[in-house]
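Per-entry structural report
Each chain, letter by letter, is given below.
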Amino acid sequence: IDAKPKDVQRFIAFVRFVGTASPEEFAARLDEYLDVDSFLRFLAAQVVLVNVDSPLGMNHNYWITVDPRSEKVVWLPWDLNMAFGGFMSGTADLSLTQPAGRGMFPLAERVLATPAFAARYRAMVTEMVENNVSLARLGVAITDTAVVIREAVLADPTTTASRFEANFSDSANDT
């Protein structure tokens, strides 16, 4: 990776700030270093997608970079193939307010310990759930997807029509 010295210094300053700032200073100045709303959306999306194959459970599958325009640290998710609970690891008792195991994602812990940031995060989670993964919206997506893939699934020798219909029917009844 070809990092610019200015970006390296900015990232180091960010890490120092996160590690040493008092709670009051952290709340007042975090947005000088971090695109807070972008980070909160990243965190909320990982939680809503139940993606524990991420910083929430495995402390990986993301990139961190310094945006050259804003000089703020931004988080970029990747490798989301195990989202929607597809990867279960450990026995951590995770929740919306404690989305990562203790000590697994210290930045998230610090951010969510700040009342103003925690309120913004909860609003983003609520919006994502109500607008993107609502039962009504998912029901339509499941039905539309089933129509598109039904022929290919029925031609697949590794499954049966009854298995497909049972899975679709269970999904449709949940919505």
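Residues numbered from 1 in each chain as written. Predicted model: local features only at pLDDT ≥ 70, side-chain atom pairs only at ≥ 80, totals over all residues. Heavy atoms only, no water.

1. What about the overall build of the protein?
Convention followed: The numbering of helices and of strands both runs from the N terminus, where a helix is a DSSP run of H or I of at least 4 residues and a strand a run of E of at least 2. Throughout this description, buried means an accessible area under 20% of the type-specific maximum (1.4 Å probe, protein chains only), exposed means over 50%, and partly exposed covers the range between. Contact definition: two residues touch when any of their heavy atoms are within 4.5 Å. Methods summary: accessible areas were calculated by the Shrake-Rupley approach with a probe of 1.4 Å, and residue burial reflects only the protein chains presented.
Helix and strand counts for the protein stand at seven helices and two strands. Here the protein holds 175 residues, and 31% of them are scored as buried. Taking the contacts inside the protein whose residues are at least 6 apart along the sequence as the reference set, 63% of them involve residues at least 24 apart. For the protein, the computed accessible surface area is about 10,700 Å², with 58% contributed by carbon and sulfur atoms.

2. As for the pattern of salt bridges
When their charged atoms lie close together, side chains carrying opposite charge are able to pair. Heads up, the condition is: Within this document, salt bridges are pairs made up of a side-chain nitrogen of Lys or Arg and a carboxyl oxygen of Asp or Glu, the two lying within 4 Å of each other.
Scanning all chains against the criterion turns up six salt bridges. A salt bridge links Glu-25 to Arg-29, with the nearest nitrogen and oxygen atoms 2.7 Å apart. Here Glu-25 pairs with Arg-29, and both are found in helix 2 (residues 23-33), just four residues apart, close to one helical turn. A residue is classified by how much of its surface remains accessible, and Glu-25, at 30% relative accessible area, is partly exposed. The exposure class of Arg-29 is partly exposed, given its relative accessible area of 26%. Between Glu-32 and Arg-29 there is a salt bridge, with its nearest N and O atoms 3.1 Å apart. Remark: Arg-29 and Glu-32 occur in helix 2; sequence separation between them is three residues, near one turn of the helix.

3. Points about helix 5 (residues 115-131)
In plain terms, the rule: To estimate the expected span of a helix, subtract one from its residue number and multiply by 1.5 Å. This arc corresponds to the set of directions leading from the helix axis out to the C-beta atoms.
For helix 5, which comprises 17 residues, the first-to-last C-alpha distance of 24 Å matches the rise-based estimate of 24 Å (1.5 Å per residue) to within 8%. Of the residues making up helix 5, those classed as buried are Phe-117, Ala-118, Tyr-121, Met-124, Val-125 and Met-128. Down the axis of helix 5, the smallest arc covering the buried residues is 125 degrees, so these residues share one side. Those residues of helix 5 that are exposed and angled more than 90 degrees off the buried face are Pro-115 and Glu-130.

4. Things to note about the nonpolar core
Soluble globular proteins tend to bury their nonpolar side chains together. How we decide: To form a nonpolar core, buried Ala, Val, Leu, Ile, Met, Phe, Trp, Tyr and Cys residues must be joined to one another through side-chain atoms within 4.5 Å.
Formed by 31 residues in total, the largest nonpolar core has its most connected members in Phe-26, Leu-30, Leu-34, Phe-39, Phe-105 and Leu-107. Contributions of two or more residues to this core are made by helix 1 (5-20), helix 2, helix 3 (36-48), strand 2 (73-77), helix 4 (106-112) and helix 5. Apart from residues lying up to four places away in sequence, Phe-26 is in contact with Phe-17, Val-18, Ala-21, Leu-107, Arg-110, Val-111, Thr-114 and Phe-117.

5. Looking at the side chain of Gln-98
Inclusion rule: As used in this structure description, the phrase polar contact means that two N or O atoms lie within 3.5 Å; if the pair is within protein, one of them must be able to donate a hydrogen and the other to accept it, and residues adjacent in sequence are counted only when both atoms belong to side chains.
Take Gln-98: it is sitting in the loop between strand 2 and helix 4. Within the structure, Gln-98 has its side chain in polar contact with the backbone oxygen of Ala-100 (distance 2.6 Å). Here Arg-102 takes part through its side chain, which lies 2.9 Å from a polar atom of the side chain of Gln-98.

6. Observations concerning the packing of helix 1 against helix 2
Selection criterion: Helix axes use the C-alpha atoms of the stretch in contact, all axes being lines fitted to C-alpha atoms, and the angles between their N-to-C directions lie in the range 0 to 180 degrees. Comment on the angle field: the value is read as roughly parallel under 35 degrees, roughly antiparallel over 145, roughly perpendicular from 65 to 115, and oblique elsewhere. Here is the rule for handedness: rotate from the far helix to the near one, and if that takes an anticlockwise turn smaller than a right angle the crossing is left-handed, while a clockwise turn gives right-handed. For this classification, the nonpolar set comprises Ala, Val, Leu, Ile, Met, Phe, Trp, Tyr, Cys and Pro, the charged set comprises Asp, Glu, Lys and Arg, and every other residue, Gly included, is treated as polar.
Viewed as axis vectors pointing N to C, helix 1 and helix 2 meet at an angle of 165 degrees, and their least axial separation amounts to 11 Å. Taken as axis vectors, helix 1 and helix 2 run roughly antiparallel relative to one another. The element helix 1 and its partner helix 2 pack so that their crossing is left-handed. Mapping the contact onto sequence places Arg-10, Ala-13, Phe-14, Phe-17 and Val-18 in helix 1 and Glu-25, Phe-26, Arg-29, Leu-30, Glu-32 and Tyr-33 in helix 2. A class-by-class count of the residues in the contact of helix 1 with helix 2 yields seven nonpolar, no polar and four charged.

7. Focus: unusual backbone geometry
Apart from glycine, the bulk of residues carry a negative phi angle, and the bulk of peptide bonds sit in the trans form. The phi angle at Glu-71 is positive, at roughly 60 degrees, despite the residue not being glycine. Residue classification places Glu-71 among the partly exposed positions, given a relative accessible area of 33%.

8. A closer look at the packing of helix 3 against helix 5
Packed helices, taken two at a time, are described by the angle their axes make and the gap between the axes. Relative to each other, helix 3 and helix 5 sit at 50 degrees, their axes nearing to 9 Å. Regarding the angle of helix 3 to helix 5, the classification is oblique. Considering how the two elements wind past one another, helix 3 and helix 5 form a crossing that is right-handed. The segment helix 3 lies against helix 5, with Val-36, Asp-37, Leu-40, Arg-41, Leu-43, Ala-44, Ala-45, Val-47 and Val-48 engaging Phe-117, Arg-120, Tyr-121, Met-124, Val-125, Met-128 and Val-129.

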